[in-house]
Amino acid sequence: EARASIRSRLEELRIATVTLDQEKAPPGVEPDDEAVETLLREESDRVHRFYDEHPDRYHVPERVRARHVLVRVEKDAAEEKVAEARKRIDAALARLEAGEDFAKVAAELSEDPGSKDRGGDLGFFPRGQMVPAFEDVAFQQKDGETSAVVRTDFGFHVIRTEGHEAAKDRSFDEAAREIAEELAGADRARALARETSDRLIEAVRAGKSLEEAARERSVALNRSDWLRRSPEGIVPGLGAAPQVLTSAFAASPDAPSLDRVFEVGSNLVMVQVLERRGPTEEDIARELPAERTKLLTARRNQLRSEWLGEARTRLARQGDLVVDLSVLEGA
């Protein structure tokens, strides 16, 4: 029994899986306009329910639009480099205070490659997108106001705030088509996943391996490293999938491609066992003493529990049970 337990625990296998997402269609597959219009026209309750169940998705936080001029200097730079950078940003600020166009100065002097060609324009952004020292100034300033020099981990900035947008909730009418497009896409993905899995299982039942069937239909196949049994049933790429792992270990060597579809989260999953290997005799011999002790302990505990249960029942029937200790087991 100990040897069998060791073999089961240390047995390993490699599997191939096909994973089909039921919520997101493959790249290039989009819902057609007719499906979207049908949802809006005939399933408006479904669209509205999605809106009501996901309020955070349609909340637009406060945003601000800003430009900046950046002179880069590392936060731990030597004093002379910091002084040189400060001199350059002070020169930029002086030109702005003299009335020069902010976009022009930024295009000439800013060292931010992402916004330099746009005259320092960063567009609208919410809190949490920029470093705190930068966004605190941008949000606190009034529209059209230009800051003094601001130091961040990136260097020295001069910031101009150009617009504020208050937080708001998008109305259902504003979001309805976007929701219908998402739901139609999910419907399309689900239909494609079901159709593809049906065809693959048909091919497996006709005698082909999952590898062959997937290759014929140009479906992606994922191959795992060596896996062992585990209570959680963790399969890399799938997460917790105990049914998948248990079924793979139970698969017959004569039928390594399983002729069933597993549902793991939003995915449909099909499995083929590629390779198996068990522990060597040396592995078993090394594990045997500890395994025997573990099994004996478990057997003793089982027998003790059964004996106590039988004694409790007999004493209760005879009227001799004074204190039922079982009520204290969870205390």
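Read on for an overview of the structure. These figures come from a predicted structure and were not determined experimentally. (Residues numbered from 1 in each chain as written. Predicted model: local features only at pLDDT ≥ 70, side-chain atom pairs only at ≥ 80, totals over all residues. Heavy atoms only, no water.)

1. Here we look at the nonpolar core
Nonpolar side chains in soluble globular proteins tend to be buried together.
So, point 1. In this structure, Leu13, Ile15, Val235, Leu238, Val244 and Val271 are the most contacted members of the largest nonpolar core, which totals 17 residues.
So, point 2. For this core, the secondary-structure elements that each account for two or more residues are β1 (12-21), α9 (242-250), β12 (262-264) and β13 (267-277).
So, point 3. Ranked by the residues each element gives to this core, the list is headed by α9, at 4 residues.
So, point 4. Not counting residues within four places of it along the chain, the set of residues in contact with isoleucine 15 comprises Asn222, Arg223, Ser224, Leu227, Val235, Ala248, Val271, Gln272, Val273 and Leu274. (Core = buried A, V, L, I, M, F, W, Y, C linked by side-chain atoms within 4.5 Å. Buried < 20%, exposed > 50% of the residue type's maximum accessible area, 1.4 Å probe, protein only. Helix = DSSP H or I, 4+ residues; strand = E, 2+ residues; numbered from the N terminus. Contact = heavy atoms within 4.5 Å.)

2. Here we look at the pairing of strand β6 (residues 155-165)
So, point 1. As defined by bridge partners, strand β3 (residues 63-72) adjoins β6 across 10 bridges and the pair is classed as antiparallel. Its bridge partner being in β6, arginine 65 is matched across the sheet by glycine 163.
So, point 2. Pairing of strand β5 (residues 150-152) with β6 involves 3 bridges; the strand directions are antiparallel. Paired with arginine 151 across the two strands is phenylalanine 156, which belongs to β6.
So, point 3. Between the end of β5 and the start of β6, which pair antiparallel, lie 2 residues. (Pairing = 2+ DSSP bridges.)

3. Let's talk about helix α5 (residues 102-109)
So, point 1. Of the positions making up α5, those classed as buried are Phe102, Val105 and Ala106. Considered in projection along α5, the buried side chains sweep an arc of 100° and stay on one side of the axis.
So, point 2. The opening residue of α5, the one whose side-chain oxygen lies 3.2 Å from the backbone nitrogen of alanine 103, is aspartate 101. (Arc of directions from axis to C-beta. Polar contact = N/O pair within 3.5 Å; in protein donor to acceptor, adjacent residues only side chain to side chain.)

4. Points about the packing of aromatic side chains
So, point 1. Going through the model one piece at a time under the given rule, you end up with 4 aromatic pairs.
So, point 2. With 6.2 Å between their ring centres and 80° between their planes, phenylalanine 125 and phenylalanine 139 make a pair best called edge-to-face. Residue phenylalanine 125 is found in strand β4 (residues 121-126), and its partner phenylalanine 139 is found in helix α6 (residues 132-140); the two are separated by 14 residues along the sequence.
So, point 3. Residue classification places phenylalanine 125 among the buried positions, given a relative accessible area of 0%.
So, point 4. On the basis of relative accessibility, which here comes to 6%, the residue phenylalanine 139 falls in the buried class.
So, point 5. Pairwise contacts between aromatic rings join Tyr51, Tyr58 and Phe172 into one cluster.
So, point 6. A cation over a ring is seen here: arginine 86 above phenylalanine 156, with NZ or CZ 5.7 Å from the ring centre.
So, point 7. Across the ring face of phenylalanine 156, the terminal group of arginine 151 is positioned such that the distance to the ring centre comes to 4.9 Å. (Phe/Tyr/Trp six-rings, centres within 6.5 Å; stacked < 30°, edge-to-face > 60°. Lys NZ or Arg CZ within 6 Å of the ring centre and 35° of its normal.)

5. Quick notes on helix α3 (residues 44-53)
So, point 1. By the burial criterion, the buried members of α3 are Val47, Phe50 and Tyr51. Seen from one end, α3 has its buried residues packed into an arc of 100°, which puts them on one side. Among the exposed residues of α3, those oriented more than 90 degrees off its buried face are Asp45, Asp52 and Glu53.

6. What about the environment of valine 18?
So, point 1. Its location among the elements puts valine 18 in strand β1.
So, point 2. For valine 18, a relative accessible area of 0% puts it in the buried group.
So, point 3. For the pair valine 18 and arginine 223, spaced 205 residues apart in the sequence, the C-alpha separation amounts to 9.2 Å.

7. Focus on the side chain of serine 197
So, point 1. Looking at the element boundaries, serine 197 is found in helix α7 (residues 172-205).
So, point 2. A polar contact is formed between the side chain of serine 197 and the backbone oxygen of arginine 194, at a distance of 3.0 Å.
So, point 3. When sequence neighbours within four positions are dropped, the list of residues in contact with serine 197 reads Leu20, Val261, Leu268 and Met270.

8. Observations concerning the sheet that holds β6
So, point 1. Read from one edge of the open sheet, 4 strands run β4-β3-β6-β5, paired in antiparallel fashion. Edge strands, defined here as strands with exactly one partner in the open sheet, are β4 and β5. Adjacent strand axes in the sheet meet at a mean angle of 45°, parallel and antiparallel pairs treated alike.
So, point 2. Sheet analysis places β3 next to β4, joined by 4 bridges and oriented antiparallel. Looking at β4, one finds that valine 64 is bridged to phenylalanine 125.
So, point 3. Across the face of the sheet, helix α4 (residues 79-97) comes into contact with β3, β5 and β6 while running at roughly 40° to β6.
So, point 4. Contacts between α6 and the sheet are confined to β3, β4, β5 and β6, with β6 contributing the most and set at about 40° to the helix. (Axes fitted to C-alpha atoms, helices over the stretch in contact; angles between N-to-C directions.)

Worth remembering: the numbers are spatial, not functional.
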